Each structure stands twice: as C-alpha cells, then as structure tokens.
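# Overview (structure and organization)
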Amino acid sequence: MPGARPGPGGSGAPASDADGYGAPRGLWRGLARHRPPGVDAAERAWRSPLRGPWLTAVYGSALLVALPLVILTGLLDYAAYGPRFDQAFPQDVGWLRLPVFDWPTRPSWLFRVTQGLHVTLGIVLVPVVLGKLWSVLPKLFAWPPARSVAQVLERLTLLLLVGGILFQIATGLLNIQYSYVFGFDFYTAHYFGAWIFTAAFVAHVIIKFPRLVTALRSRPPGTELRTTRADTRPEPPDPDGLVATESGPATVSRRGAVALVGGGALLLAVLTIGESLDGPLRRTALLLPRGRQPGTGPNGFPVNRTVAAAGVRPEQTDASWRLTLRGGGRTVTLDRPGLLALTQHTAALPIACVEGWSTRQRWTGVRLRDLAALAGVPDPVSARVSSLEQAGLFRTAVLAANQVLDPDSLLALRVNDVDLSPDHGYPARVIVPALPGVHCTKWVAEIDFRERTDD
Ligand SMILES: Nc1nc2c(c(=O)[nH]1)N[C@H]1C(S)=C(S)[C@@H](COP(=O)(O)O)O[C@H]1N2
Ligand SMILES: [Mo]
C-alpha cells in the first residue's frame, strides 16, 4: 500500500492505533483506507533525500533560539506602548493583558533596540521558516491526517503554528511597508496572532524537543557539512515519517540546503539593517521604503507622516500658533518666541518607529518638566499631549510621570541647530528618551498635565 511508511506505532502495528481516548479504532483505519484522490501522487512527488530529522532539526534549532527573542521583543514593544493608557494597542485584550509597568527612559536606545531586533530578526528568519516548512511539507499533506485523538490535537497545534507564523510574517511585513491593506487593525491582529503562535510554539517545542536532540546527535554536523551532493543519501526511516518512502537523487547537498537558507537570511539582514543605521548605510535598506527617504540637510532623516498627510494646514503653524498648557486649575499659553525664551536644553535622542526604522538626532527645546512646573504641576502623574492634527491614530499620546520628568524629555523646537521642518513637527514636537516614535507627537497644540490625586 502506498504510504505504508513507518508511521507512529509502525504501519504494520494496528494494535498501537488504540488511542486510549475511547475513539473507535475503526475510525482511524477507515480514514486511512479512504484516501482522497491525488494523495498518492503527491506522496510520490515529495522525493528529496534531504528531508529527514537532521535537516528539520537544524532549521528547527535556529528557530528555537531566535524566535523567543522575536516574541519577547515584540511583547516588549507592546509594553512600551503603555498598556495602562487609553491609546494603547490593542484597546481591550481581556486576560491577555501585559503586566503594567512604567516603560523606562533609560537607556535612551532601549526601544530602538527592542523594536529593531523584533523587526530585523522577524525579516531575517523568513528563509529559515520557509526552509523548515519545506522540510516537513509532505507531512502537512500526509494521509491519514491522524491516527489517534492525540495526533488530531498535535496536528491542530501544527495548524496554529504554521498558520500563526505565516500570519505574523504577513501582517508584520505589510505593516512595515505601510500597506494597511487588511480590513482589521494591525496592532490587534498582530497581538492576538502573537499569543496564538506563541502557545502553539511552546506546545510544539515541548512535543518535539526530544526528537530535535536525537536528530542532531544522529549525524555529526562536521561530517554532514562536508558531505557533497553526490554522497548525499537519505536518512534512515524515522518515526515522524519525514524521510521519503522513495527518495530521488539529491539536487543539492544538506550543506547546500543549510547554506541556501543561511545565505538568504544573511542577504535579508544586509538589506534590512540599514534602516536602523544613520549615515550612508541607510541607503542599503532596500526592503524598507520609508526608512530610506531621509532627504538632505539637518532635517534630512525619515518622516513617518508628512504635514500634508496629517492634514495640518500652514496657517495653523504660522505666527498665530499657540501652545496651551493645562494643569493645576491653570491654563498657560505660549507662542514660539515665548518658548524659545525659556531655558533651552539639547539632547541626542533616537526616534524609533514601530514600523522598523530608527535614527538618532540632536534635539533642542524646552524640558517637559519645566513646562509641567509652568502649568503648576511640578510632580505630574501623567501628561496628555495633543496635536494640531484632527484625525489619525497618533494625534494624541499620554506620557507617564517618568517620561515627563526625565531631564532629556523635550518639547523640541529645533533639530540639529535649525528649526524643525514642517514634516518633523514644526512648531513643536515631543521627544522623550526610549519612547516609541508613535508617542513623539508632532505639531503639538496642547499639553495637559495631570496632578497626583492619591494623597
Ligand atoms: N501628530 C502626529 N505625530 C506623530 C505621528 C503622527 O502620525 N501624527 N507619527 C508618529 C510616528 S509613528 C513616528 S515614528 C514619529 C516619526 O517622527 P518623524 O516623522 O519626525 O521622523 O512621529 C510620531 N508623531
Ligand atoms: Mo512610527
């Protein structure tokens, strides 16, 4: 019978098909007998002698090391958005809430690193994910799909694992390209997708880790990586049925397959990393359109949303512009010369966009804590910053106490010794160490400092 490969329990050992869950044994046998058309042909088509536990384990161990970093930095990025604030994304996540803590302002490059790692690693791992999927592809089409209730559950996990990672990659990549083509909110979808994938990933690691260790031990990597294509032989039949029943000749060696995936990952790294680097190397970020169009001059660094796109009109930012400070029952208005007459402070701080790119510039302006004191709230619990922008997700942001009080937290008026350009937030914009770019509000109109009420 075609497909009579040594499956779990061995194909010739129906006794072990008893699954112990009380499902009728006949069900599984019936399933095995009713093979849908095309299954046999498909099974014969998967003939690469490279497929087997070793190659799967090599790709698998790379993912085992790197994916937790992607997951962790991703969750940290959500935490940096501030789950305690009403502008946090997603809005309501029920019991999947992240622990609430004040996102620190030090080191100032913290968010630059967490989001940079998340996006860059997420992209770099794509070839590894594809290689891993290729190595187990026949399993996804194997018939019968399951031989026991336990296997049904395992395959369900696989569905969430494979579906989950492909969904995360697709939504992540589209978001980086600013292609909001989906009819749902990216932040919400990517967040729930992350949890679904993470749960499946943990289950998969628990189930497969012993197999991974055995597989890696079965072939010394030194020998394997020295084996040429001509000497490439299939692995012995394995309990998971990764090894093809009828292998064809090798078209590449295992070394070649590992190099192909590794090279692909390296190439993506080279084409991505530039978005996090200042200077001419930024131009190498071919895969990330936004981070690459910095323009020239002191304001020549990436723009997330232009003044035109934000719908902020020139007459709103001319000499008639006023900043309103609220708090402590007091309202203070300042024009730009008034702000420039206050003590100015300069700090080199990064802007790190959640969509991937980051840059570090020298900003000059008034300390937020000085503005808080002016508003009569020297010890605020938070501050709500509102933009001239009328619509859009990022027109307001809430800053926590530590983010207002950091000595480098600024309402910036100038950058690199010149006035902010309209696209970078003229007349004034927020810049706070380690704050996600999203919350560095441009074209600020008002800051509302909230007093502590707990005493
Ligand atoms: N009012 C307003 N401020 C905003 C945004 C926006 O869309 N509207 N985008 C934010 C985002 S997502 C980023 S990454 C930074 C980018 O700042 P830049 O365009 O000056 O580089 O601005 C932030 N400030
Ligand atoms: Mo951003």
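Remember, it's a predicted structure, so these values are computed and weren't measured experimentally. Residue positions are given per chain, counted from 1 along the sequence in the order it is written. Written order determines the labels here, with chains lettered from A and ligands numbered from 1. Local features in this predicted model are restricted to residues of pLDDT 70 or higher, and side-chain atom pairs are both shown and tallied only at a pLDDT of 80 or more, whereas totals for entire chains, interfaces and linings draw on every residue. The side-chain numbers reported here are obtained from all heavy atoms of the structure, hydrogens and water having been left aside.

What follows concerns the side chain of R112. Within the fold, R112 resides in helix α4 (residues 110–124). The buried label applies to any residue whose accessible area, calculated with a 1.4 Å probe on protein chains only, is under 20% of its type's maximum; exposed applies above 50%, and partly exposed to all values in between. With a relative accessible area of 17%, R112 lands in the buried category. Any pair of nitrogen or oxygen atoms within 3.5 Å is treated as a polar contact; in protein, a donor-acceptor pairing is required on top of that, and neighbouring residues in sequence qualify only through side-chain atoms on both sides. Among the polar contacts listed, one links the side chain of R112 to the backbone oxygen of S276, at a separation of 3.0 Å. Contacts are assigned to residue pairs that have any heavy atoms within 4.5 Å of one another. In this structure, R112 is in contact with S276, D278, P350, A352, S358, T359 and R360, ignoring residues within four places of it in sequence. In this description a helix means any DSSP run of H or I spanning at least four residues, a strand means any run of E spanning at least two, and both kinds are numbered starting from the N terminus.

Quick look at the nonpolar core now. Of all hydrophobic cores here, the largest spans 50 residues; its most connected members are L67, L125, Y191 and F197. Considering each element in turn, this core owes the most residues, 12 residues, to helix α3 (residues 53–80). Ignoring any residue separated from it by four or fewer positions in sequence, one finds L67 in contact with L125, I165, F197 and F201. The next biggest cluster of nonpolar side chains, apart from the first, holds 44 residues, and it includes C353, L399, V430 and C440. Think of a nonpolar core as a cluster: buried Ala, Val, Leu, Ile, Met, Phe, Trp, Tyr and Cys residues, connected wherever their side-chain atoms sit within 4.5 Å.

At least two bridges found by DSSP between two strands is the condition for calling them paired. The mixed open sheet is built from five strands, whose spatial order is β2-β1-β10-β5-β6. Single-partner strands in this sheet number two, and they are β2 (330–334) and β6 (396–400). Each adjacent strand pair in this sheet contributes to an overall mean axis angle of 15 degrees, direction not counted. Where helices are involved, their axes are fitted lines through C-alpha atoms of the stretch in contact, as for all axes, and angles between N-to-C directions lie from 0 to 180°.

Turning our attention to the packing of α4 against helix α9 (residues 254–272). Axis separation between α4 and α9 bottoms out at 8 Å; the angle between their running directions is 145 degrees. Remark: the crossing between α4 and α9 carries right-handed chirality. Only A265, L268, A269 and T272 of α9 make contact with α4, whose side of the interface consists of T120, I123 and V124. Gly is put with the polar residues, along with every residue not named as nonpolar or charged; the nonpolar set is Ala, Val, Leu, Ile, Met, Phe, Trp, Tyr, Cys and Pro, and the charged set is Asp, Glu, Lys and Arg. Among the residues forming the contact of α4 with α9, the class breakdown is five nonpolar, two polar and no charged. If you view the pair so one helix is near and one far, a crossing is left-handed when the near helix is turned anticlockwise from the far one by less than a right angle, and right-handed when it is turned clockwise.

Turning next to the pairing of β6. Walk down a regular strand and you will see the side chains alternate between the two sheet faces. In terms of residue burial, β6 counts as a mostly covered element, since five of its five residues are buried. Burial along β6 is two-sided: the face carrying T396, V398 and A400 and the face carrying A397 and L399 are both buried.

The next point concerns unusual backbone geometry. That bond from W143 to P144 is cis: its omega, -5 degrees, falls within 30 degrees of zero. As for its position among the elements, P144 is in the loop between α5 (126–140) and α6 (149–176). The omega torsion across Y426 and P427 is 10 degrees, close enough to zero to call that bond cis. Here P427 is to be found in the loop between β8 (418–419) and β9 (429–431). Although it is not a glycine, N416 sits at a positive phi angle of roughly 50 degrees. Mapping N416 onto the fold places it in the loop between β7 (410–415) and β8. Backbone geometry places D417, a non-glycine residue, at a positive phi of 70 degrees. Tracing the backbone through its elements, the reader meets D417 in the loop between β7 and β8.

Moving on: the site of ligand 1. Taken together, 18 residues surround ligand 1, and among them P302, N304, E389, H424 and K442 come closest. Residue N304 places a main-chain N or O atom 2.7 Å away from an oxygen atom belonging to ligand 1. Contact between ligand 1 and C440: a nitrogen atom at 3.0 Å from a main-chain N or O atom of the residue. Contact with the protein chains hides 100% of the accessible area of ligand 1, taken as 530 Å² for the molecule alone. Definitions used throughout: a 1 Å grid over protein atoms alone; a cavity as a set of points that fits a 1.4 Å probe which cannot get out; a pocket as an open set with protein on both sides within 12 Å along at least five of seven lines; a lining residue as one with an atom within 4 Å of a point. Think of it this way: a molecule belongs to a cavity or pocket when more than half its atoms come within 2 Å of the grid points there. When each cavity is represented as a set of grid points, ligand 1 is found to reside in the second largest cavity. Summary of the distance rule: residues count as near a molecule or strand when at least one heavy atom falls within 4 Å of that molecule or strand. Where accessible areas are quoted, they stem from the Shrake-Rupley method and a 1.4 Å probe; at the residue level, only the protein chains shown are allowed to cover.

Any carboxyl oxygen of Asp or Glu within 4 Å of a side-chain nitrogen of Lys or Arg constitutes a salt bridge here. Across all of its chains, the model carries 19 salt bridges by this definition. The partner of D406 in a salt bridge is R106, with the nearest N and O atoms 2.6 Å apart. Here R106 lies in the loop between α3 and α4 and D406 lies in the loop between α12 (401–405) and β7, a separation of 300 residues in the sequence. Taking relative accessible area as the criterion, D406 reaches 7% and is therefore assigned buried. Given a relative accessible area of 41%, R106 falls into the partly exposed group. Two residues, R254 and E224, come together in a salt bridge whose shortest N-O distance is 3.1 Å. One end of the pair, R254, is in helix α9; the other, E224, is in helix α8 (residues 221–226), with 30 residues separating them in the sequence. For the pair formed by R254 and E224, the shared burial category is buried. Among the charged side chains, a salt-bridge network with shared partners connects E154, K208, R211 and D240.

In short, geometric facts, not functional conclusions.
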